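Results of the structural survey
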Amino acid sequence: MGSANLSEVAYLPGTVTRSVKLLVAGHFGAGKTTFVGSVSEIRPLRTEEPITEASVGVDDLAGLPRKTSTTVAMDFGRRTFGGVALYLFGTPGQQRFLPMWDELARGAVGALVLVDTRRLDHSDEILSAVEKRGLPYTVAVNEFDGARRYPAEEIRQALDLAPSTPLTVCDARDQASSAKALIVLVEHLTSGPEMLA
């Protein structure tokens, strides 16, 4: 059994002086696992399992023809910006996993809520779960290929977002786009009483 090569281990940069826990939330199929995987600077931890016949009638797969797996516990990744390490905890999106949120949300200072305009009505219970836990949040529309694009004001109205809740767009597959969505959340958090700095 060989020893680990320390040059391959992704330790925190010496410039990091603060760490923050954030949730990446969203309804089933919104792109949370993809988002955490694309933006993380370390190999993400994933708890994906194949979707089986047991989920028929339980998980709404309408509009998700290529979805073959689902998160059953969480996704985990890390991204550093300057002196702050962001620890990203991706939540499972199905209603039956909402009880896990209490543990995942413990110690979190905010949440990025991913939504898919093809299934916008599925976002209500996720937004309620985030609000119930008192977490400040931003919303990012994950722009899936072929999904209709809507003006921000229509999305804001459909989700009944407060005027102070930031709304942005991203492509969860793209690292730079996902990083920009995280920056919107961090800027939102640093402008309020939850101050990261």
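What you see is a predicted model, and the numbers here were worked out from it, not measured in a lab.

**Looking at the overall build of the protein**
- A tally of regular secondary structure across the protein gives five helices and seven strands.
- By the burial criterion, 47% of the 197 residues in the protein qualify as buried.
- Pairs at least 24 residues apart make up 75% of the contacts formed inside the protein by residues separated by at least 6 positions.

**Some details on the pattern of salt bridges**
- Applying the stated criterion to the full structure yields seven salt bridges.
- Among the ionic pairs, Glu-41 bridges to Arg-78, the shortest N-O distance being 2.9 Å. Here Glu-41 is found in the loop between α1 (32-39) and β2 (45-50), whereas its partner Arg-78 is found in strand β3 (residues 69-81), with 37 residues between them in sequence.
- Residue Glu-41 is classed as partly exposed on the basis of its relative accessible area of 33%.
- For Arg-173, the salt bridge is made with Asp-145, and the minimal N-O distance between the two is 3.0 Å. Taken together, the residues span a long stretch of sequence, with Arg-173 in the loop between β7 (167-170) and α5 (175-190) and Asp-145 in the loop between β6 (137-142) and α4 (152-159) at a distance of 28 residues.

**What to know about the environment of Arg-18**
- Mapped onto the secondary structure, Arg-18 falls in strand β1 (residues 18-26).
- Taking C-alpha positions, Arg-18 is 9.7 Å from Thr-80, a pair spaced 62 residues apart along the chain.

**Describing the confidence of the model for the protein**
- Here the protein shows a mean pLDDT of 81. Residues at 70 or above account for 74%.
- Counted against residues more than four places away or in other chains, residues 1-9, with its pLDDT under 50, gives one contact.

**Observations regarding α1**
- Burial within α1 is extensive, with six of its eight residues counted as buried.
- Looking at α1, one finds that the buried residues are Lys-32, Thr-33, Phe-35, Val-36, Ser-38 and Val-39.

**Things to note about the environment of Leu-185**
- Looking at the secondary structure, you find Leu-185 in helix α5.
- Distance in space between the C-alpha atoms of Leu-185 and Val-139 is 8.5 Å, their sequence separation being 46 residues.
- Discounting chain neighbours no more than four positions away, the residues touching Leu-185 are Leu-22, Ala-111, Leu-112, Tyr-137 and Thr-138.

**Let's talk about a negative patch on the surface**
- Judged by side-chain charge, Asp-121, Asp-124, Glu-125, Glu-131 and Asp-160 come together as a negatively charged surface patch.
- Tracing the chain through its elements places Asp-160 in the loop between α4 and β7.

**Digging into the pairing of β1**
- Counting buried residues in β1 gives seven out of nine residues, a clear majority hidden from the surface.
- Pairing of β1 with strand β4 (residues 84-90), which is carried by seven bridges, proceeds in the parallel orientation. For Lys-21, the partnering residue across the bridge sits in β4 and is Tyr-87.
- As paired strands, β1 and strand β5 (residues 108-115) are joined by six bridges and run parallel to one another. What sits directly across from Ala-25, in β5, is Val-113.

Rules behind the numbers
- Residues numbered from 1 in each chain as written.
- Predicted model: local features only at pLDDT ≥ 70, side-chain atom pairs only at ≥ 80, totals over all residues.
- Heavy atoms only, no water.
- Helix = DSSP H or I, 4+ residues; strand = E, 2+ residues; numbered from the N terminus.
- Buried < 20%, exposed > 50% of the residue type's maximum accessible area, 1.4 Å probe, protein only.
- Contact = heavy atoms within 4.5 Å.
- Salt bridge = Lys/Arg side-chain N within 4 Å of Asp/Glu carboxyl O.
- pLDDT = per-residue confidence, 0-100.
- Patch = residues over 30% accessible without salt bridge, like charges linked within 9 Å, V, L, I, M, F, W, Y side chains within 5 Å.
- Areas by Shrake-Rupley, 256 points an atom, 1.4 Å probe, with all protein chains shown as cover.
- Lys, Arg positive; Asp, Glu negative; His and termini not counted.
- Charge placed at Lys NZ, Arg CZ, Asp CG, Glu CD.
- Pairing = 2+ DSSP bridges.

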